[in-house]
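# Structural features, examined
Here are the chains, one letter per residue:
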Amino acid sequence: MTPIDTIAAIATPNGVGGVGILRVSGPLVATVCQSLLGRTLDPRYATYSRFRDPDGVTIDHGLAILFPAPRSFTGEDVLELHAHGGPVVLDLLLAALLRCGARLARPGEFTERAFLNGKLDLAQAEAIADLIESSTVATARSAVRTLEGELSRKIQDLVERLVDMRVEIEAALDFPDEELDLLGADTIGQGLVRLIAETQKLLAGAHQGRLFRDGLVVVIAGPPNAGKSSLMNALTNAETAIVTPIPGTTRDLLRERIQIDGLPVQLIDTAGLRPSDDPIEVVGMERARTQLSAADLVLWVFDGTEQDIDYSRWRQELPTGIAVTWLRNKIDLTGHPPGSYATPFGQEIALSASTGQGLPHLHEHLRGMAGDASDAEGVFLARRRHITALEGALAHLETAREALLNHLAPEMVAEDLRQAQRRFGEITGQVSSEDLLERIFSSFCIGK
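The name recorded for the protein chain in an unreviewed UniProt entry is tRNA modification GTPase MnmE, from Thioalkalicoccus limnaeus. What UniProt records for the protein chain under Sequence similarities (unreviewed entry) is the sentence "Belongs to the TRAFAC class TrmE-Era-EngA-EngB-Septin-like GTPase superfamily. TrmE GTPase family." Listed under Subcellular location (unreviewed entry) in UniProt, the entry text for the protein chain is "Cytoplasm".

### Here's the deal with the sheet that holds strand β7 (residues 216-221)
Spatial ordering of the open sheet is given by β8-β9-β7-β10-β11-β13-β12, a layout of 7 strands whose pairing is mixed. In the strand order of this sheet, the two ends are held by β8 (254-260) and β12 (339-343), each with one partner. Each adjacent strand pair in this sheet contributes to an overall mean axis angle of 25°, direction not counted. With 7 bridges joining them, β8 and strand β9 (residues 263-269) adopt antiparallel strand pairing.

### Let's talk about helix α15 (residues 434-441)
Buried within α15 we find Leu436, Leu437, Ile440 and Phe441. For α15, the buried positions fall inside an angular range of 115° around the axis, keeping them on one side. In α15, the exposed positions that point more than 90 degrees away from the buried face belong to Glu434, Asp435, Glu438 and Arg439. Turning to α15, the residues buried within the fold contact α3 (109-116), α4 (122-132) and α13 (384-405).

### With respect to α3
Within α3, 7 of the 8 residues are buried, leaving the element largely enclosed by the surrounding structure. In this structure, the buried residues of α3 make contact with β1 (7-10), β2 (17-25), β6 (103-104), α4, α14 (410-428) and α15. Immediately beyond the C-terminal end of α3, within one or two residues, lies Gly118, with a positive phi of roughly 80°.

### A word on the nonpolar core
In this structure, Ile155, Leu390, Leu397, Leu417 and Phe424 are the most contacted members of the largest nonpolar core, which totals 32 residues. Those elements that provide at least two residues to this core are α6 (150-174), α7 (186-214), α13 and α14. Contacts of Leu390, omitting those with residues within four sequence positions, involve Ile155, Thr199, Leu202, Leu203, Ala206, Phe424 and Ile427. Ranked by size, the runner-up nonpolar core spans 23 residues in total, among them Val24, Val29, Leu36 and Leu94.

### Section: the sheet that holds β2
Taken together, the 6 strands give an open sheet; going across it, the order is β3-β4-β5-β2-β1-β6, and neighbouring strands pair in mixed fashion. Across the chains shown, the open sheet's two edge strands, defined by having one partner strand only, are β3 (47-52) and β6. Bridge analysis of β1 against β2 gives 4 bridges, and the strand direction is antiparallel. The residue of β2 that forms the bridge with Ala8 is Val24. Packed onto the sheet, α3 meets β1, β2 and β6 and runs at close to 135° relative to β1.

### Digging into the packing of aromatic side chains
Going through the model one piece at a time under the given rule, you end up with 10 aromatic pairs. With 5.4 Å between their ring centres and 55° between their planes, Phe441 and Phe444 make a pair best called tilted. Per residue, the accessibility class of Phe441 equals that of Phe444, and both read buried. Three or more aromatic residues joined by ring pairs form one cluster here, namely Trp300, Phe302, Tyr311, Trp314, Trp326 and Phe345. The ring of Phe73 has Arg23 sitting right over it, with the charged end atom 5.1 Å from the ring centre. A cation over an aromatic ring shows up here: Arg23 above the ring of Phe110, its NZ or CZ 5.8 Å from the ring centre.

### Topic: the pairing of β2
Linking β1 to β2, which pair antiparallel, is a turn of 6 residues; within it Gly15 sits at a positive phi near 120°. Strand direction decides the pairing type here: β2 and strand β5 (residues 78-85), joined by 8 bridges, are antiparallel. Its bridge partner being in β5, Val24 is matched across the sheet by Leu79.

### Topic: the side chain of Thr139
Along the chain, the position of Thr139 falls in helix α5 (residues 137-147). The exposure class of Thr139 is buried, given its relative accessible area of 3%. Discounting chain neighbours no more than four positions away, the residues touching Thr139 are Ser134, Phe212, Arg213, Pro264 and Leu381.

### So, the pairing of strand β13 (residues 346-350)
Along a regular strand, successive side chains alternate from one face of the sheet to the other. Pairing of strand β11 (residues 324-329) with β13, which is carried by 3 bridges, proceeds in the parallel orientation. Paired with Trp326 across the bridge in β13 is Glu348. By the bridge criterion, 5 bridges tie β12 to β13 in an arrangement that is antiparallel. Within β13, the residue paired with Gly339 across the bridge is Ala350.

Parameters at a glance
Residues numbered from 1 in each chain as written. Predicted model: local features only at pLDDT ≥ 70, side-chain atom pairs only at ≥ 80, totals over all residues. Heavy atoms only, no water. UniProt positions renumbered as here; feature names shortened; annotations may be inferred. Pairing = 2+ DSSP bridges. Helix = DSSP H or I, 4+ residues; strand = E, 2+ residues; numbered from the N terminus. Axes fitted to C-alpha atoms, helices over the stretch in contact; angles between N-to-C directions. Buried < 20%, exposed > 50% of the residue type's maximum accessible area, 1.4 Å probe, protein only. Arc of directions from axis to C-beta. Contact = heavy atoms within 4.5 Å. Core = buried A, V, L, I, M, F, W, Y, C linked by side-chain atoms within 4.5 Å. Phe/Tyr/Trp six-rings, centres within 6.5 Å; stacked < 30°, edge-to-face > 60°. Lys NZ or Arg CZ within 6 Å of the ring centre and 35° of its normal.

Written out as structure tokens, the structure reads:
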């Protein structure tokens, strides 16, 4: 990237603090140093300085650190000013930087320049935002692993082997008279089998990493008056939802975030599903059904005191392929023992939301669904777009293997391998569009 302008921003959060930091990056850093500090700086040394505006008026005293290109975060000349953390002081310093020719940085623009200058790949750049936004120790540690390149190295290894395979195949296409029957060789087929297996393993890890980043989305659903809101209160250990004997009390979605052994879980309580002419209740049920489609797990709560348990009819209320756990509630009224057991319709847990009987079994079940924080040492954070790219790459690899087994035109094998490489490249940014980059970096905070 060839910089054409210099950017500046306050890098610390709004509010009053002991120290506030401003960042400057671009070709005018040397000019800024002379104008604000009246001196040059030794690289990578914290230098105590007087900060003046372009008119020579002293704004503050603090530390200035110069990071010359290319050994800086952005790969450009970077200046950091460590001043007192009052909003007025920081605003005055930022205004002085803008008067020196810098412009206000866009959200994420410093990290974007680091990516464009080859200091980070796209997965590592995203990990910076994930690290800042981490809500648990487990997610923070996983974000650091991604930032240090764990995901990128795995992707690069797959790409390098894929490129070697493409070279062999395309050599056979380019020199047909040399009797390079490489498409029929075992090495190509075996190589594809290994690539498919390792991509599947990476995809499974990405799904786990996505849960670490976004949390397990658990939707509490079921018929009215089954105890969904009571369960919500029991899991959050708070009076989150209104509980009454009147069916249909919950009309809208209620959301709460909890942690299970350090892993985030997003709970969503929904309106009871039943035929109704109440327009407000109908809207609530429509929102409930929309949430069911986006759930990682549905906890279907039913009244254990009822005699007619129609799993088949309830299953029809759920989207195809959605994981569901049946919760037999109100066992304190029936004498049914608490526990977790398998049924022909899926896992079922017997509990009482009002007394807490059986809740440890549900906690254990959710731990298993979300992943165990004690086994998180090798987990890297992943985003939905990473999963989509890996799924696309896997589909092309499987299509290439099918073409190879069915002795289809070798050009088809080569094209699927090329498309698989492109999908892998989307993860690290080797293949990216301007729209994608704008969408990713615009979600960052200003000054990062």
